[in-house]
Amino acid sequence: MKPDRGSALRSALLVAFGVAAAVDLGSLAAGFSEGHVVAKPLLMPLLAAYAYTRGAPRPLLAALLFGWGGDVLLLSDAEPAFLAGMASFAAGHVCYLVLFGRSEERGRVAYGIGYAVALVVAVASLWPGLPADLRLPVAGYSALLTTMAWAATRLGLLAGLGGALFVVSDMLIATGVAEWPQPPRPDLWIMLTYLAAQYLLVRGILGTLGARPTPTPAHGEVSTTTTSTTTSTGTTSTGTA
């Protein structure tokens, strides 16, 4: 039996993502900024490449690449880079919302109420400490983020937890901008929750929206294409490769 090259590639990409994440988090824990600068831009492309080999829907790949754009932009402390990074992440959240809209499940009302209350409390608490020109962008981004997190609960535990951790990660960033007291090594906790969020969202989406890896014909097998019209309602296609 020939080895499954696709499976080996997927495993290698997932390991590479894990190694890059370990280097990034270890660098942040040790205060080694150079390691963080090198490792951080590798994270989302590796996760996106892994998702691609799993037949990921295109909006998922776009969400991860928009996350990569935000990661790179937030390596700078300049305010224009912060706003551009926030816009890139916002575009990623829109991609996630497109995906979650494909689910036949509805978001639970209790979760929606909880996220709405958390949004109002967070924005009201942060508002006085935020620079005046960041207040409205942060409020708008926060509304989009919490909507994404609530919508993620449609896909089950993994995606729902991923959405919640995304909120935690960005809340840590916002409290830093508002100059609230921070835990030791705040960047470490921001990246830890962010990486966990993106990974869990990927796992949840691939597991519930039906990633479609392309089958590989056996040696000597002739591939045929048959066009047929099916009127049965028993088959449903979800997700786009």
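Reading guide: rules and limits
- Residues numbered from 1 in each chain as written.
- Predicted model: local features only at pLDDT ≥ 70, side-chain atom pairs only at ≥ 80, totals over all residues.
- Heavy atoms only, no water.
- Axes fitted to C-alpha atoms, helices over the stretch in contact; angles between N-to-C directions.
- Helix = DSSP H or I, 4+ residues; strand = E, 2+ residues; numbered from the N terminus.
- Parallel < 35°, antiparallel > 145°, perpendicular 65-115°, else oblique.
- Left-handed = near helix turned anticlockwise from the far one by under 90°.
- Contact = heavy atoms within 4.5 Å.
- Nonpolar A, V, L, I, M, F, W, Y, C, P; charged D, E, K, R; others polar.
- Buried < 20%, exposed > 50% of the residue type's maximum accessible area, 1.4 Å probe, protein only.
- Lys, Arg positive; Asp, Glu negative; His and termini not counted.
- Salt bridge = Lys/Arg side-chain N within 4 Å of Asp/Glu carboxyl O.
- 1 Å grid on protein atoms, 1.4 Å probe; cavity = no way out; pocket = protein on both sides within 12 Å on 5 of 7 lines; lining within 4 Å.
- Points joined across faces, edges and corners; volume = space filled by probe spheres on them.
- Core = buried A, V, L, I, M, F, W, Y, C linked by side-chain atoms within 4.5 Å.
- Patch = residues over 30% accessible without salt bridge, like charges linked within 9 Å, V, L, I, M, F, W, Y side chains within 5 Å.
- Areas by Shrake-Rupley, 256 points an atom, 1.4 Å probe, with all protein chains shown as cover.
- Polar contact = N/O pair within 3.5 Å; in protein donor to acceptor, adjacent residues only side chain to side chain.
- pLDDT = per-residue confidence, 0-100.

### With respect to the packing of helix 6 (residues 132-152) against helix 7 (residues 157-177)
Line of reasoning, step 1. At a minimum axis separation of 7 Å, helix 6 and helix 7 run at an interaxial angle of 165°. Classified by the interaxial angle, the pair formed by helix 6 and helix 7 is roughly antiparallel. Crossing of helix 6 against helix 7: the hand is left-handed. Listed contacts from helix 7 to L134, Y141, L145, M148, A149 and A152 of helix 6 are A159, G160, G163, A164, F166, V167, D170 and V177.
Line of reasoning, step 2. Per-class residue counts for the contact of helix 6 with helix 7 are 11 nonpolar, two polar and one charged.

### Quick look at the environment of V98
Line of reasoning, step 1. In this fold, V98 is placed in helix 4 (residues 79-100).
Line of reasoning, step 2. A sequence separation of 50 residues divides V98 from M148, and the C-alpha atoms of the two residues are 9.6 Å apart.

### Details of the side chain of D71
Line of reasoning, step 1. Examined against the element boundaries, D71 turns out to sit in helix 3 (residues 58-73).
Line of reasoning, step 2. For D71, which is buried and forms no salt bridge, the nearest opposite charge comes from K40, at a distance of 4.6 Å.
Line of reasoning, step 3. Filtering out sequence-adjacent residues up to four positions away, D71 remains in contact with K40, M44, F89 and Y194.

### Re the packing of helix 3 against helix 4
Line of reasoning, step 1. Where helix 3 contacts helix 4, the two axes come as close as 8 Å, and the packing angle between them is 165°. Taken together, the axis directions place helix 3 and helix 4 in an arrangement best described as roughly antiparallel. Here helix 3 and helix 4 pass one another in a crossing that is left-handed. Contacts between helix 3 and helix 4 involve P59, L60, A62, A63, L64, F66, G67, G69, G70, D71 and L73 from the former and A81, A84, G85, S88, F89, A91, G92, C95, Y96, V98 and L99 from the latter.

### Points about the layout of surface pockets
Line of reasoning, step 1. Roughly 770 Å³ of volume is contained in the largest pocket.
Line of reasoning, step 2. Lining the largest pocket are 32 residues, and of these L74, D77, I173, D187 and I190 lie nearest its centre.
Line of reasoning, step 3. Elements supplying a minimum of two residues to the lining of the largest pocket: helix 1 (5-30), helix 2 (33-53), helix 4, helix 7 and helix 8 (186-208).
Line of reasoning, step 4. Of the residues that constitute the lining of the largest pocket, the class distribution is 17 nonpolar, eight polar and seven charged.

### Some details on the nonpolar core
Line of reasoning, step 1. Counting residues in each nonpolar core, the largest one holds 49 residues, and the members touching the most others are L60, L64, Y96, F100, F166 and L195.
Line of reasoning, step 2. Those elements that place two or more of their residues in this core are helix 1, helix 2, helix 3, helix 4, helix 6, helix 7 and helix 8.
Line of reasoning, step 3. No other element matches the nine residues that helix 8 contributes to this core.
Line of reasoning, step 4. F100 has contacts with M148, A151, A152, R154, L155, L201 and I205, leaving out every residue within four places of it along the chain.

### Quick word on empty space enclosed by the protein
Line of reasoning, step 1. Taken as a whole and assessed by the stated rule, the structure comprises one cavity of 30 Å³ or more.
Line of reasoning, step 2. Residue lining of the largest cavity: A63, F66, G67, F89, G92, H93, Y96, F166 and Q198, and that is the complete set.
Line of reasoning, step 3. Every element with two or more residues in the lining of the largest cavity is listed here: helix 3 and helix 4.

### Notes on a nonpolar patch on the surface
Line of reasoning, step 1. Taken together, V37, L65, W68, V72 and L75 make up a surface patch of nonpolar side chains, about 390 Å² in accessible area.
Line of reasoning, step 2. By residue number, the principal contributor to the nonpolar patch is helix 3, which donates three residues.
Line of reasoning, step 3. One can find W68 in helix 3.

### Points about the side chain of Q198
Line of reasoning, step 1. Along the chain, the position of Q198 falls in helix 8.
Line of reasoning, step 2. Relative accessible area serves as the criterion here: at 1%, Q198 is assigned to the buried category.
Line of reasoning, step 3. There is a polar contact of 2.6 Å between the side chain of Q198 and the side chain of Y96.
Line of reasoning, step 4. Setting aside residues no more than four positions away along its own chain, Q198 makes contact with M44, L47, L64, G67, Y96 and F166.

### Some details on unusual backbone geometry
Line of reasoning, step 1. Positive phi, close to 65°, is recorded for E179, a residue that is not glycine.
Line of reasoning, step 2. Here E179 lies in the loop between helix 7 and helix 8.
Line of reasoning, step 3. Classification of E179 as exposed rests on a relative accessible area of 70%.

### What about the confidence of the model for the protein chain?
Line of reasoning, step 1. Summary statistics for the protein chain give a mean pLDDT of 87 and a share of 85% for residues scoring 70 or more.
Line of reasoning, step 2. Contacts of residues 211-241 to residues separated by more than four positions or lying in other chains number 25 contacts, the stretch itself having pLDDT below 50.

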